[in-house]
Amino acid sequence: MPIYYAPNRSVTALAISLALYSSLTLAADDTSSIEVIQVSGKAINDKGMSPKNTKVNGPFGDGIELKDIARSVTPITSEMIEQLNITDLSDIQKVSPNSYSASGFGASSLPTIRGQLGELYQDGVRRQAGNNGFGVPMSFNAVEQIDVVKGAPPVLLGTSQRNGGFVNLHSKVAPTDEQFTQLTLSGGSWDHYRAQLDVGSDIAASQSGIRLSAEHIDNGSFYDYSGFKSDSIFVAFRLLPDDASSWDINVEYYDVEFTDNAGINRPTQALIDDGLYVTGQGVQPNGSTIAGANAIVSPTGLVEIDRSQVLTDPDNINNAQTFLLHSTYVRELSDKATFKNISYYQHLEREEIAQNSFVEIIDGADTAQNRIELAYQWNDSQSTITAADIRYNKVLGYSQFTTEADLPIDLSGPIENRRIPLTTQQQGRLVELRPGVFVSPGAQYDTNGDGSGDFLLSDTTDSSSWQTGLAIQHNSQWTDKFATSLGYRADFYDVKARDALAPQGQVAASDSISEMLESGQISLSYRVTGDVTTYASASYNESTSNSMAGGTTLGANNQISRQHFATENTLTEVGIKYSPAGSAWYVDAAVFDQTRSLRNRDGSNTGIRTKGFEAQAFYDADPFWLSAGYSYLDARYDDSASSQDTLQVSDTFDNSRPDIIAGTSIGAPNFASFAPSNRRVQGLPEQTFTLNGGFAITEQWQAGFSGLFTQSYPLDYLATVSIRDQYTLSINTRYDFTEQTSLRLGINNVTNQKNWRPVFEGGYFGSTLVFPELPLNATLTLQHSF
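Counting restarts for each chain, with residues numbered from 1 along the sequence as it is written. Where totals are concerned, whole chains, interfaces and linings use all residues; where local detail is concerned, this predicted model gives features only for residues with pLDDT of at least 70, and gives and counts side-chain atom pairs only at 80 or more. Only hydrogens and water are set aside when side-chain values are computed; all heavy atoms of the structure are taken into account.

Novice: Looking at this model, I keep getting lost on the overall build of the protein. Mind explaining?
Specialist: In terms of regular secondary structure, the protein is built from four helices and 44 strands. Every radius of gyration here is taken over C-alpha atoms, with the globule rule written as 2.2 Å times N^0.38, N being the number of residues. Radius of gyration (C-alpha) of the protein: 26 Å, near the 28 Å computed for a compact globule of 786 residues. Summarising its shape, the C-alpha atoms of the protein cover approximately 80 × 55 × 55 Å along the three principal directions. For the protein, buried positions account for 57% of its 786 residues. Residues count as neighbours in contact if any of their non-hydrogen atoms are within 4.5 Å of one another. The contacts in the protein between residues at least 6 apart in sequence include a share of 68% that link residues at least 24 apart. When charges are tallied, Lys and Arg are placed among the positive residues and Asp and Glu among the negative ones, while His and the ends of the chain are skipped. A charge is said to be at NZ when it belongs to Lys, at CZ for Arg, at CG for Asp and at CD for Glu. In the protein, which carries 52 positive and 90 negative side-chain charges, the distance between the mean positions of the two groups comes to 4 Å. A helix here means a DSSP run of H or I that spans at least four residues, while a strand means a run of E at least two residues long, and both kinds are numbered starting from the N terminus. Only protein chains enter the accessibility calculation, which uses a 1.4 Å probe. A residue is then buried if its area is under 20% of the maximum for its type, exposed if over 50%, and partly exposed in between.

So this is what it looks like as structure tokens:
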């Protein structure tokens, strides 16, 4: 995949050089004496590999201990991020139950929780992540802790677009009483290279500090015509004006070029089990061998395909740039009242122009939000948090996904098989954005007066929305054992949308809508003993549907559909938490029943109901640590209709070679619709199990492992093809040469399993595509502190 750089990328190298110089200068000038403090007794939790003592800030209030939160939550500490090699959002499944995810076309942009795409928050505010599961991959350069929360966001965070759960990223914070510099360099299989410099220093002791973290990634790939290059620059500032207040502000600029990796098409059972691929290029009803709708393949052979041979193209363009700003100001007004103000701004641009005719261009998405919170402690047992929110989102974007056709492509043939040049007729049903780039208009028009629309619609939009929210949460500690929490929120939406690119001679269509959405929650906690707490939680949430960059599209009638604001979500959860004082153990478990809506490709919503059980356990004490997670998930359509790119993979083929595959001769893609049912949702394992551990062989030498097992599950709606039981085992070792210098070797998929995953969430491409996971690979990381 060709990678092109703008000249301003040299800013990253300059920032690293300046930061390194300044940190070394600070270290040379530091002549302060060192106070030695001797501590006796055994350290129970000195590795940071358990969330037991981690405080959770934001979603439910601030400074709350994990055992006191009446929801299933997994805080992932910075030590766990490093030890478990968590480098993208799909990696949270290594430690958090019910977080198994599809590949997200090779670049995860959102988490998957309890079988549904979840939201991405940072410092308590929902951030922009692009379009559904295929958006913009995120950098972990700015991240210090990850909180994984199951179920819809609570009332303090407000209405969202995805409700399976959410991840709240905690940004790195500037120090006010120390100075440090840490350099991390890594190299791995297929020319994977990463460099990060993290520098922090107090400015005025105990009053202010600054932190800069710069990261450059330059990755080749196991997969054909693939690569990943990114630069992230993060700067944080902290001010402590007095003993009663604090102000944290940070900014990040992220520039990334990545590959849209659709995996391998024609996922037959022979491909899953034996790596065998059915060859032959599809032929459209009009005789064209260019991939298109209802094409039929006459099989020519069955060959063993290289797992690196995937649906990519060297001439594809795919990049994104984003700028983020977060500000959090907290002030104790009195011994009873605390004021908090959170501000956020993000600008996002993205451009993908693919040779298979797919186009998604975000010409500018701007999101700003401000929330004020007032926490008031009425007495020792009663407290209230009130919040007022305002959020603005403006999106200008263009897309075209109506002419893609993956199944007719013979992936084993020449690269030209994968390319879909638009016909003159297809171009006439689109609008030319720039020379040679055709996209859908943002509305439908009847240009020939026959009473039918003449254009192919996708997600093109020029839309804006104002969201104003008011929330209240009241917490009551009725006895030493029994506590409750009640919350309510109302969000008022004012949305406008217009066609961003009307066809020549047409007046751009537009529409507006105003809606109020509500949410409520209740939880009860009972402390059975000092170590065991039980809880029950319930919530109701009305949320919005989603499209490109969080914008709003016009429907085929050129109006904003009220269905965009009619996704109802419910959650009932009962759990138990075991957190014994003076012990290295932490264990919790929960059963849940959750209903939600899943957005379909045509903008409609499909109801999903999930029931399940999840448990996690942690042990962290010298000389070893251990974590385990188990999840059971029963995800079904909730008497609801569904759709899939193609009814079944055999529709792609005729029956001329039944010795290879029994084809139906229907043709593909055929855009199948399914009647309302309670069938199991495809692409999700019912059971997963994770096990991680580490051991200190000596004071300097450590070793660890990470394992994941997933039970067999259907890949497509009709369950004609299944991904078998599979596991992944990874090992690592680290040696500390000095207190400042360490070397870590990680070997992933050490048994070289040939595992598979769905390409996209929701199962739409289940009969069309499947993603081959990476084979055995290794990464060597050098870390040095100055």
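Having put the structure on the table, let's press on.
Novice: Would you explain the side chain of Thr 184 in this entry?
Specialist: Of note, Thr 184 is situated in strand S12 (residues 179–188). A polar side-chain atom of Thr 184 sits 3.4 Å from a polar atom in the side chain of Gln 783. Here Thr 184 is in contact with Arg 194, Ala 195, Gln 196, Thr 781, Leu 782 and Gln 783, once residues within four sequence places are set aside. A 3.5 Å cut-off defines polar contacts: any pair of N or O atoms within that distance qualifies, except that in protein one atom must be a possible hydrogen donor and the other a possible acceptor, and neighbouring residues in sequence count only when both atoms are side-chain atoms.

Novice: Explain a nonpolar patch on the surface to me, please; I cannot follow it from the model alone.
Specialist: Patch membership requires more than 30% relative accessible area and the absence of a salt bridge. Residues of like charge join within 9 Å; the nonpolar side chains Val, Leu, Ile, Met, Phe, Trp and Tyr join within 5 Å. A 1.4 Å probe and the Shrake-Rupley method give the accessible areas. Residues count as covered only by the protein chains that appear here. Note on definitions: salt bridges are taken to be side-chain nitrogens of Lys or Arg within 4 Å of carboxyl oxygens of Asp or Glu. Judged by side-chain polarity, Phe 624, Leu 626, Phe 695, Ile 697, Trp 701, Tyr 735 and Phe 737 come together as a nonpolar surface patch covering roughly 650 Å² of accessible area. Residue position: Tyr 735 is located in strand S40 (residues 726–736).

Novice: I would appreciate a short explanation of the sheet that holds strand S17 (residues 264–265) in the present structure.
Specialist: What holds strands together in a sheet is hydrogen bonding between their backbones, with the strands either parallel or antiparallel. By definition, two strands form a pair when at least two bridges between them are found by DSSP. The three strands are arranged S17-S43-S42 in an open sheet whose pairing can be described as antiparallel. Both outer strands of the open sheet, S17 and strand S42 (756–757), are each paired with one neighbouring strand and no more. Where S17 meets strand S43 (residues 769–772), two bridges bridge the pair, whose relative direction is antiparallel. In the sheet register, Ile 264 faces S43, and the bridge partner there is Val 770.

Novice: What am I meant to see in the pairing of S43 here?
Specialist: The side chains of a regular strand alternate between the sheet's two faces. Of the two faces of S43, both are covered, the one formed by Leu 769 and Phe 771 as well as the one formed by Val 770 and Pro 772. Here S42 runs beside S43; their pairing, made up of two bridges, is antiparallel. Residue pairing across strands places Arg 757 opposite Phe 771, the latter belonging to S43.

Novice: Could you clarify how one ought to interpret the nonpolar core in this entry?
Specialist: Here is a general trend for soluble globular proteins: nonpolar side chains tend to be buried in one another's company. If you look at the biggest cluster of nonpolar residues, it comprises 37 residues, and the most contacted ones within it are Phe 105, Ile 264, Ile 723, Trp 756, Leu 769 and Val 770. Elements supplying a minimum of two residues to this core: helix H3 (269–274), strand S18 (276–279) and S43. The greatest single-element share of this core, amounting to three residues, is contributed by S43. Core analysis: the second largest hydrophobic core is formed by 33 residues, Met 80, Ile 146, Phe 166 and Tyr 586 among them. Only buried residues count toward a nonpolar core, which is a set of Ala, Val, Leu, Ile, Met, Phe, Trp, Tyr and Cys residues joined through side-chain atoms within 4.5 Å.

Novice: What is the right way to look at the sheet that holds strand S6 (residues 119–122) in this model?
Specialist: Strand order in the open sheet made by the five strands is S3-S10-S11-S6-S7, with mixed pairing throughout. Sheet topology places strand S3 (73–76) and strand S7 (125–126) at the edges, where each strand pairs with a single neighbour.

Novice: What exactly am I supposed to notice about the side chain of Asp 255 here?
Specialist: Its place among the elements puts Asp 255 in strand S16 (residues 245–257). A distance of 3.5 Å separates polar atoms of two side chains, one belonging to Asp 255 and the other to Gln 321.

Novice: Would you take a moment to explain the pattern of salt bridges for this structure?
Specialist: Where charged atoms from two side chains of opposite charge come close, those side chains can pair. The final tally for this structure, using the stated rule, is 36 salt bridges. Here Lys 47 and Asp 622 are joined by a salt bridge, their closest N and O atoms 3.4 Å apart. With a gap of 575 residues between them, Lys 47 in the loop between helix H1 (10–29) and strand S1 (55–56) and Asp 622 in the loop between strand S32 (605–621) and strand S33 (624–637) connect regions that are remote in the sequence. We note a salt bridge from Asp 68 to Lys 67, for which the minimum N-O separation is 3.5 Å. Through salt bridges with shared partners, a single ionic network connects Arg 371, Glu 373, Asp 389, Arg 489 and Asp 491.

Novice: Explain the pairing of strand S13 (residues 192–204) to me, please; I cannot follow it from the model alone.
Specialist: Note: S12 against S13, 10 bridges, orientation antiparallel. The residue bridging Leu 185 from the neighbouring strand is Ala 195, located in S13. Hairpin connection between S12 and S13: a loop of three residues separates the two successive antiparallel strands, and Trp 190 in this loop has a positive phi of roughly 60°. Looking at chain direction, S13 and strand S14 (residues 208–219) are connected through 12 bridges and run antiparallel. Counted as the bridge partner of Asp 202 is Gly 209 from S14. Taking the residues between adjacent antiparallel strands as the criterion, S13 and S14 are bridged by three residues, where Ser 206 takes a positive phi near 65°.

Novice: Can you help me understand the packing of aromatic side chains in this one?
Specialist: Where two aromatic rings form a pair, the distance of their centres and the angle of their planes describe that pair. Two rings belonging to Phe, Tyr or Trp (six-membered ring only in the last case) form a pair when the distance between their centres is within 6.5 Å. Interplanar angles under 30 degrees mark stacking, angles over 60 mark edge-to-face geometry, and anything in between is tilted. Taken as a whole, this structure holds 20 aromatic pairs when the rule is applied. Taking 5.3 Å as the distance between ring centres and 55° as the angle between the ring planes, the aromatic pair formed by Trp 190 and Phe 222 counts as tilted. Of this pair, Trp 190 sits in the loop between S12 and S13 while Phe 222 sits in the loop between S14 and strand S15 (228–242), and the two are 32 residues apart along the sequence. Since its relative accessible area comes to 25%, Trp 190 is described here as partly exposed. Through pairs of rings, three or more aromatic residues link up here, namely Phe 105, Phe 760, Tyr 764 and Phe 765. Charges are assigned to positions over rings by a cutoff of 6 Å between ring centre and Lys NZ or Arg CZ, combined with an angular limit of 35 degrees from the ring normal. In this structure, Arg 114 packs its charged tip against the face of Phe 592, placed 3.8 Å from the ring centre.

Novice: Honestly, the environment of Gly 629 in this entry has me stumped. Any pointers?
Specialist: Residue placement: Gly 629 occurs in strand S33. A relative accessible area of 4% places Gly 629 in the buried class. Put simply, Gly 629 and Thr 328 are 301 residues apart on the chain and 33 Å apart in space, counted from C-alpha to C-alpha. Setting aside residues up to four positions removed in sequence, Gly 629 forms contacts with Pro 97, Ala 615, Gln 616, Thr 688, Phe 689 and Thr 690.

Novice: Can you walk me through the confidence of the model for the protein in this structure?
Specialist: Close inspection of predicted coordinates is inappropriate in any region flagged by low pLDDT. Each residue carries a pLDDT score, the predictor's own confidence in it, on a scale running from 0 to 100. Looking at the protein as a whole, its pLDDT mean stands at 92, while 92% of the residues score no less than 70. Across residues 1–43 the pLDDT falls below 50, and counting only partners more than four positions away or on other chains, this stretch makes 44 contacts in the model.

Novice: What is the right way to look at unusual backbone geometry in this model?
Specialist: Of all residues except glycine, most have a negative phi; of all peptide bonds, most are trans. Here the residue pair Asp 622 and Pro 623 is connected by a cis peptide bond, since its omega of 5° sits within 30 degrees of zero. Tracing the sequence through the fold places Pro 623 in the loop between S32 and S33. Of note, the bond from Ala 668 into Pro 669 is cis; its omega dihedral lies within 30 degrees of zero at 0°. With respect to the helices and strands, Pro 669 occurs in the loop between strand S34 (640–644) and strand S35 (672–677). In this structure, Asn 749 takes a positive phi of about 50° despite not being glycine.

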